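# Secondary and tertiary structure notes
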Amino acid sequence: MSLDNPFILRRLKFIKLEAINNSERDQTTTFAMRVISNFGTIGMNGSSSKILRINKNMSESAFNELRKSKTIQDWIGKVTNEHPMPLKESWKAFQSLGDKLTEEYIWKHFVKYPMNTILKTENQKLDKLGYRDNGLPKLRYTDADISIFVLSDTPERWWYTQRMKND
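This one's a predicted model, so the numbers in the text were calculated from it and none came from an experiment. (Residues numbered from 1 in each chain as written. Predicted model: local features only at pLDDT ≥ 70, side-chain atom pairs only at ≥ 80, totals over all residues. Heavy atoms only, no water.)

## With respect to helix α2 (residues 27-42)
The end-to-end C-alpha distance of α2 is 22 Å, a good match for the 22 Å that 16 residues give at a rise of 1.5 Å each. The buried fraction of α2 amounts to twelve of the 16 residues, a majority that puts the element mostly inside the structure. Regarding α2, the residues found buried are T29, T30, A32, M33, V35, I36, S37, N38, F39, G40, T41 and I42. Residues of α2 that are buried sit in contact with α1 (6-20), α3 (48-54), β1 (57-59), α6 (87-96) and α7 (103-112). Of the residues that open α2, the one with a side-chain oxygen 3.1 Å from the backbone nitrogen of T28 is D26. Where α2 terminates, the next one or two residues include G43, which has phi positive at roughly 80 degrees. (Helix = DSSP H or I, 4+ residues; strand = E, 2+ residues; numbered from the N terminus. Expected span 1.5 Å × (residues − 1). Buried < 20%, exposed > 50% of the residue type's maximum accessible area, 1.4 Å probe, protein only. Contact = heavy atoms within 4.5 Å. Polar contact = N/O pair within 3.5 Å; in protein donor to acceptor, adjacent residues only side chain to side chain.)

## Things to note about the packing of aromatic side chains
A full pass over the atoms with the stated rule returns six aromatic pairs. On the basis of an interplanar angle of 65 degrees and a centroid distance of 4.9 Å, the ring pair of F63 and W158 is categorised as edge-to-face. In this pair, F63 sits in helix α4 (residues 60-68) while W158 sits in helix α10 (residues 155-165), placing the two residues 95 residues apart along the sequence. Residue classification places W158 among the buried residues on the basis of a relative accessible area of 15%. Judged by centre distance (6.3 Å) and plane angle (85 degrees), the rings of F94 and Y105 are edge-to-face. Placement of the pair is F94 in helix α6 and Y105 in helix α7, with a sequence separation of eleven residues. For Y105, a relative accessible area of 36% puts it in the partly exposed group. A connected cluster of aromatic rings, assembled from ring pairs, spans F63, F149 and W158. For the cation-ring pair, R11 lies above F7, with the distance from its terminal atom to the ring centre recorded as 3.6 Å. (Phe/Tyr/Trp six-rings, centres within 6.5 Å; stacked < 30°, edge-to-face > 60°. Lys NZ or Arg CZ within 6 Å of the ring centre and 35° of its normal.)

## Details of the environment of I8
When you line up the elements, I8 lands in helix α1. Owing to a relative accessible area of 0%, I8 belongs among the buried residues under this scheme. Distance in space between the C-alpha atoms of I8 and F39 is 8.0 Å, their sequence separation being 31 residues.

## Here's the deal with the layout of surface pockets
Estimates place the volume of the largest pocket at around 470 Å³. If you go around the largest pocket, you meet 20 residues; those closest to its centre are R34, N81, E82, H83 and R132. Counting only elements with at least two residues in the lining of the largest pocket, the list comes to α2, α3, β2 (79-82), α6 and α8 (120-128). (1 Å grid on protein atoms, 1.4 Å probe; cavity = no way out; pocket = protein on both sides within 12 Å on 5 of 7 lines; lining within 4 Å. Points joined across faces, edges and corners; volume = space filled by probe spheres on them.)

## A word on the pattern of salt bridges
The final tally for this structure, using the stated rule, is nine salt bridges. Across the salt bridge formed by R140 and E82, the nearest N and O atoms sit 2.7 Å from each other. With R140 in helix α9 (residues 137-143) and E82 in strand β2, this residue pair connects regions lying 58 residues apart in the sequence. Take R140 and E82: they sit in the same class, and that class is buried. Between R157 and D153 there is a salt bridge, with the nearest N and O atoms lying 2.7 Å from each other. Looking at R157, the relative accessible area reads 49%, which means it is partly exposed. Members of the salt-bridge network, linked through shared partners, are E65, K68 and K78. (Salt bridge = Lys/Arg side-chain N within 4 Å of Asp/Glu carboxyl O.)

## Thoughts on the packing of α1 against α7
The contact between α1 and α7 brings their axes to 9 Å, and the two run at 105 degrees. Of the possible angle classes, the one that applies to α1 and α7 is roughly perpendicular. Two secondary-structure elements touch here, α1 through I8, L9, L12, K13, I15 and K16 and α7 through E103, I106 and W107. Residue composition of the contact of α1 with α7, by class: six nonpolar, no polar and three charged. (Axes fitted to C-alpha atoms, helices over the stretch in contact; angles between N-to-C directions. Parallel < 35°, antiparallel > 145°, perpendicular 65-115°, else oblique. Nonpolar A, V, L, I, M, F, W, Y, C, P; charged D, E, K, R; others polar.)

Below, the structure is given as structure tokens:
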């Protein structure tokens, strides 16, 4: 995925224009950032469930839960998508650059900080620590004791492969 995708480029231009004009982050900008984040994470847009099935970035706790889940749907019920750099923080970063903000910067930002799959209980811990929509990635995850790694395959394929091996 790159800046030559017209679908993504239009959204990047929109986010750039809104940030440069110091617009308030609203539902439109938030959803545009979510779509860009989806592409930066899994190379496409999709529902939360689809992203969970495909996203290889996950916490060790989410992976441990995947290993013991009886069905992939059970696992999906226990995990969530989480932006390590909350969208509120991303928006502030974009606005702080003013006229120096570029589409490439926005794209690289979301590639650098892809969504992670974490347990819902880990997400609740972030909330309790005051990191619902703020804080920098390393600090948020260190304080919440969340360790992220990249799975060798999509969670769904990994789960099915393990079931076939054990069948």
